[in-house]
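Listed below are the residues making up each chain.
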Amino acid sequence: MRSRKRIRIQRKARKIGFLGKGAPMPSHERSEIVESLRLRIGDEVVSTDEHDLSRRQCDAQPLQSLLGKLFLSKPVAVVFPDSPRCVAEALDVCIEGKTPAVVRGGATAGLGGVASVGKTIVIDVTTLNLIVEIDAKKKQSTVQAGCTWKVVSSALRSEGLAPLAFPSSGIESTVGGWMSTGGYGIGTLQHGCFHEMVSSMEVALPSGLLVSAGHDGLRYSMRSFARTEGQMGVITRLTFDVRSLPEQKATYVLTTSKLDEATEILQELTALKIKPFHIMLMSGNLGGRFAPGIGDSSRHIVVAHFEGNQKDVTRVKDDLRHILKKLEVNSEWIYLREADIHHFVLIEDLRARGGVLAGEVMIEPSGVGVLLRQALWKLKHLGEPVYQCDVVSDERVLMRLAYRKRGARVQAVERDVWSTLLLGYLSLKLGGRPYGIGLWNTPFAREILGGEYSQLKIVKTETDRLGIVNPGRVFYLKMSSGLPMPCWLLKSFARVARR
Ligand SMILES: Cc1cc2nc3c(=O)[nH]c(=O)nc-3n(C[C@H](O)[C@H](O)[C@H](O)COP(=O)(O)OP(=O)(O)OC[C@H]3O[C@@H](n4cnc5c(N)ncnc54)[C@H](O)[C@@H]3O)c2cc1C
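The structure reproduced in this document is the subject of the present report. All of these numbers come straight from a predicted model, not from anything done at the bench. (Residues numbered from 1 in each chain as written. Predicted model: local features only at pLDDT ≥ 70, side-chain atom pairs only at ≥ 80, totals over all residues.)

1. Comments concerning the site of the ligand
Our working definition: For each residue, a C-beta position is placed from the backbone atoms; the residue is near a molecule or strand when that point lies within 6 Å of it. Elements are defined by DSSP. Helices are runs of H or I of four residues or more, strands are runs of E of two residues or more, and each kind is numbered from the N terminus. Where each domain begins and ends follows an automated or database-derived domain assignment.
Inspection of the region around the ligand gives 37 residues, with Gly105, Gly113, Gly176, Gly177 and Gly230 positioned closest. Mapped onto the shell around the ligand, the elements with two or more residues apiece are strand S3 (101-104), helix H7 (175-180), strand S10 (234-244) and helix H14 (347-352). A total of four residues in the shell around the ligand trace back to one element, the largest contributor, which is H7. Counting residues domain by domain, the shell around the ligand receives three or more from each of domain 1 (128-244) and domain 2 (251-434).

What follows is the structure in structure tokens.
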């Protein structure tokens, strides 16, 4: 009798899983879904290799161990699609087998958006990496979604063109990944959000259909796929506007020991008539990574980068001098040679230095000083603060905060979810919002998606009834055991930590 009861309890526990071990998928079901995938899309694009599976369990940054136990499980298989049709068919098989699918780009977003929660099939879009067409006359390019920004930039350069904007993670991050997340970065101050540059897309829907998405309607419109992190389907191809290579470029840098002074300069730069291509404020300890010999940990660095026609770019020198005179700043602008600048932040470099990526938030330029002061104070307790603020539009600054763990070994780089939540909460208090959703910012999804949140949730339920694509995040939070994680619990943590 007792043993029968024990068996019943064990069966139940298996169903819901225990502490994130997840209900183990019976081996016959596991092999069934893999077999179905192989039969449908071919052996060569489906991998069950241990190395492939464990590398695609979460984002590029490893996760703190407790959260890893609660949320992550090894995927059942990884699909390396060789065509958009292959993605659609893989989704179709997942629906038939009621198996969740996780969409993965460069895995740089770092918020758990690509984490394998439960026994999943990971669709690694980075193999869809063709430059389909570059139309120099129309100034448009069509690329597959898994192309990295570095590849796109060099393909465009060979045709005398350049992207209007790109994320600073562009060495590894993909075009589809940027469309699915925030879409703000280098160049968006001058040219607007990436989402506005995209004129059409091809998307594999959770139902297995391959459709075109334009600007009209909602269900298959751009609005459903921008910022929703793969919830509505997998982007396979995008057509977007590009520009001619600029006639001239100029980068000016200034260092100061006063944070107030640096944030005032930032606001003045944002209001300039000749808009900079990009403006940055960063901690002195990042200076050397941006350009050799710039800054030290006691200083703050302001960068103003201009691109455009020769006349405008030459004229900005006077405007920059005028700002310093107006604010009575006792520092000088230093001109940097193009060859010395790293526009793409080297992610590997950040990892190798033992930095902990804490999170990104969006805030108005006027709130930068206050938030930085509060955040830096908190981060100082954890290690050496590292920050980078990118002015990405007239009203938005993308603030990336991290710290270097004291005595961190090179390998010991973990995603600090608690700091991410805390910063998200601090930014909301100051009228900003967290940037990117993934798993860890799911408690703030309503604020991040704004007025469209409820509509998008309806579209998700209509188009993905079984909740197959990227389950357990953005609209609700679920652990790999299948149990829900209450968002209020994580929010309360942030509230308490703020004190
Ligand atoms: C050093 C550093 C600098 C960064 N700078 C910026 C910046 O300047 N601007 C910025 O916005 N972000 C920045 N980020 C964050 C991140 O790099 C971007 O959000 C990037 O665009 C994510 O692209 P990815 O290919 O890595 O996407 P992933 O991390 O692989 O995925 C992110 C989310 O999008 C979904 N997704 C990915 N591809 C697709 C697809 N084809 N179809 C549907 N859904 C998909 C995934 O499921 C996931 O939910 C930075 C990160 C780092 C580490």
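2. A short note on the nonpolar core
Stated formally: When buried Ala, Val, Leu, Ile, Met, Phe, Trp, Tyr and Cys residues are joined through C-beta atoms within 7 Å, the set is termed a nonpolar core. Counts of 20 or more other C-beta atoms within 10 Å of a residue's own C-beta define buried residues, counts of 12 or fewer define exposed ones, and intermediate counts define partly exposed ones; C-beta atoms are placed from the backbone. For the purpose of contact definition, each residue receives a C-beta atom placed from its backbone, and two residues are in contact when these atoms lie within 7 Å.
In this structure, Ala90, Ala101, Ile121, Ile123 and Met399 are the most contacted members of the largest nonpolar core, which totals 130 residues. For this core, the element with the most residues is helix H5 (residues 84-96), which contributes seven residues. Here this core spans two domains, since at least three of its residues come from each of domain 1 (128-244) and domain 2 (251-434). Discounting residues that sit within four places of it in the chain, Ile121 has contacts with Ile33, Leu37, Pro75, Val76, Ala77, Val79, Ala90, Cys94, Thr99 and Ala101.

3. Section: helix H11 (residues 259-270)
Defined as follows: Expected span of a helix, by definition, is 1.5 Å for each gap between consecutive residues, and there is one gap fewer than residues.
Taking 1.5 Å per residue as the helical rise, H11 with its twelve residues ought to reach 16 Å, and the 17 Å between its terminal C-alpha atoms agrees with that figure. Residues of H11 that are buried: Ala262, Thr263, Ile265, Leu266, Glu268 and Leu269. Where H11 is buried, its residues contact strand S11 (248-256), strand S12 (278-283), strand S13 (300-308), helix H13 (310-327), helix H15 (368-380) and strand S16 (383-391).

4. A few points about the pairing of S12
When a strand is regular, its side chains alternate between the sheet's two faces. The following threshold applies: Strands pair, by our definition, only if DSSP identifies at least two bridges between them.
Burial analysis of S12 places six of its six residues in the buried class, which makes it a mostly covered element. By the bridge criterion, six bridges tie S12 to S13 in an arrangement that is antiparallel. Its bridge partner being in S13, His278 is matched across the sheet by His305. As paired elements, S12 and S16 share four bridges and run antiparallel to each other. Its bridge partner lying in S16, Met282 is registered against Gln388.

5. A short note on unusual backbone geometry
Even without glycine at this site, Glu229 takes up a positive phi of about 50 degrees. Take Glu229: it is sitting in the loop between helix H10 (222-225) and S10. Despite not being glycine, Glu328 has its phi angle at roughly 50 degrees, a positive value. With respect to the helices and strands, Glu328 occurs in the loop between H13 and strand S14 (334-336). The class for Glu328 is exposed, based on 7 C-beta atoms found within 10 Å.

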